[in-house]
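Structural characterization, general
Single-letter residue listing:
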Amino acid sequence: MSGAKGKIAVLTSGGDAPGMNAAIRAVVRTGIARGYEVYGVRRGYNGILKKEMSLMSFTDVSEKLQHGGTFLFTARSAEFGEDAGKRKAAAICKELGIDALIVIGGDGSFTGAKNLSKYGVNVIGIPGTIDLDIAYTEYTIGFDTAVNTAMEAIDRLRETSNSHERCSVVEVMGRSAGYIALWCGIANGAEQILLPEKFDNNYDMLIEQIKKNRKSGMTHQIIINAEGIGHSYGLAKEIEKATGIETRATILGHLQRGGSPTARDRVVASVMGAYAVDMIDQGKQNRLIGYKNGHVYDIDIEEAFEMQKDIDEYEYEVAGILGTRCSYNI
């Protein structure tokens with residue numbers, strides 16, 4: 001079948017996340033199977049403005065899902081950030097006969113999609129971000145891979161920290177959200193976890209707990225510090241100065257975005273990609289694809305933006321019990 005039903009375009013925007021390629025692959029192959037022409041847009045919204053899009057075939061997405069990053073590339077667009085740029089992008093979509101645009105990305109990407117929808121473009125969003133900070137969905141593509149990558153790195157840091165009887169401050173990504181930090185804190189058995197949603201900047205209490213841990217016989221300690229708090233190198237210096245314990249800071253950085261996606265990210269991304277096409281095939285407009293109670297679902301884009309998300313209180317409590325935070329900030 002050759003585009004009998006119309007044209008779908010797909011792009012990736014914002015920070016890359018492992019599993020994006022699996023989602024693109026699913027969109028392309030499901031779209032073709034449903035009778036659509038599917039176009040890949042290069043470099044996000046900037047690619048629309050520059051008309052950098054090409055018709056994708058079944059084999060164009062072969063050998064893609066096992067790789068991290070996004071083969072369609074991603075880029076910021078100052079022009080798209082302006083109202084004139086959004087109007088221009090919408091006009092180009094209409095000019096090229098694009099019936100629906102599938103956007104794979106995080107909250108910033110979805111903001112762009114919502115704005116485009118107001119100019120008459122039918123948009124479907126797939127949550128692709130390692131930060132897990134999108135309110136309407138329980139899962140975002142890339143989170144599982146990022147957590148596993150960070151977990152393995154922290155396991156290695158703990159071994160060398162133990163050898164030198166050090167305190168290690170490990171900063172993980174997540175922007176202003178602490179989900180990666182919380183999961184790594186539990187998975188790596190961290191003694192302390194500093195989350196933007198919970199930490200009250202009481203560094204004195206943190207340092208006192210570190211001292212107590214050393215007196216109790218702990219030869220080394222791991223402190224997971226979320227990106228939203230930051231200042232890890234400065235914190236390490238303060239801890240060493242106040243406790244006399246050799247302390248090192250490690251910022252894991254963008255390595256958490258790379259690498260081959262886990263099975264979970266590949267499967268969820270694939271199902272979400274197929275589901276996005278089916279929403280278009282059913283005539284639905286301006287929807288975001290999410291994950292809830294173990295199943296993929298869709299929600300109106302405006303309704304999704306009204307929702308808020310916070311750290312799971314019980315998971316945070318468990319992290320404190322299993323670590324050494326005790327009554328600290330619970």
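Anyway, here's the lowdown on the structure attached to this text. Residue positions are counted from 1 within each chain, in the order its sequence is given. Residue-level local features of this predicted model are given only where pLDDT is at least 70; pairs of side-chain atoms are given and counted only at 80 or more, and the full residue set underlies all totals for whole chains, interfaces and linings. Excluded from the side-chain calculations are hydrogens and water; all other atoms, namely the structure's heavy atoms, are used.

Across a sheet, paired strands are connected by hydrogen bonds in the backbone, their directions being either parallel or antiparallel. In this analysis, strands are considered paired if DSSP registers two or more bridges between them. Note on conventions: DSSP H or I runs of at least 4 residues are helices, E runs of at least 2 residues are strands, and numbering of each starts at the N terminus. Read from one edge to the other, the open sheet built from seven strands follows the order β3-β2-β1-β4-β5-β10-β11, with strand pairing classed as mixed. Looking at the sheet topology across the chains shown, the edges are occupied by β3 (53-55) and β11 (295-300). Across the sheet, the axes of successive neighbouring strands diverge by a mean angle of 25°, strand direction being ignored. Alignment of strand β4 (residues 98-105) against strand β5 (residues 123-127), held across five bridges, turns out to be parallel. Bridge pairing in β5 places L101 opposite V123. Fitted lines through C-alpha atoms serve as axes, helices being fitted only where they are in contact, and the angles separating the N-to-C directions of these axes extend from 0 to 180 degrees.

Moving on to the layout of surface pockets. Grid points spaced at 1 Å and placed over the protein atoms alone form the basis of the search, with a cavity being a set where a 1.4 Å probe fits but cannot get out and a pocket an open set showing protein on both sides within 12 Å along at least five of seven lines. Lining residues have an atom within 4 Å of a point. Grid points are joined across faces, edges and corners, and a volume is the space filled by probe spheres set on the points. Space inside the largest pocket adds up to approximately 540 Å³. Around the largest pocket sit 28 residues that line it, and G14, G15, R76, G108 and S109 are the ones nearest its centre. Among the elements that take part in the lining of the largest pocket, helix α4 (residues 107-117) stands out by supplying six residues, more than any other.

So, on to the environment of R42. Here R42 is to be found in the loop between β2 (37-41) and α2 (44-49). Sequence spacing of R42 and N202 is 160 residues, and the spatial spacing of their C-alpha atoms is 45 Å. When checking whether two residues touch, look at their non-hydrogen atoms; a contact exists if any pair is within 4.5 Å. If we skip the residues at most four places from it in the chain, R42 touches G47, E52, F71, L72 and F73.

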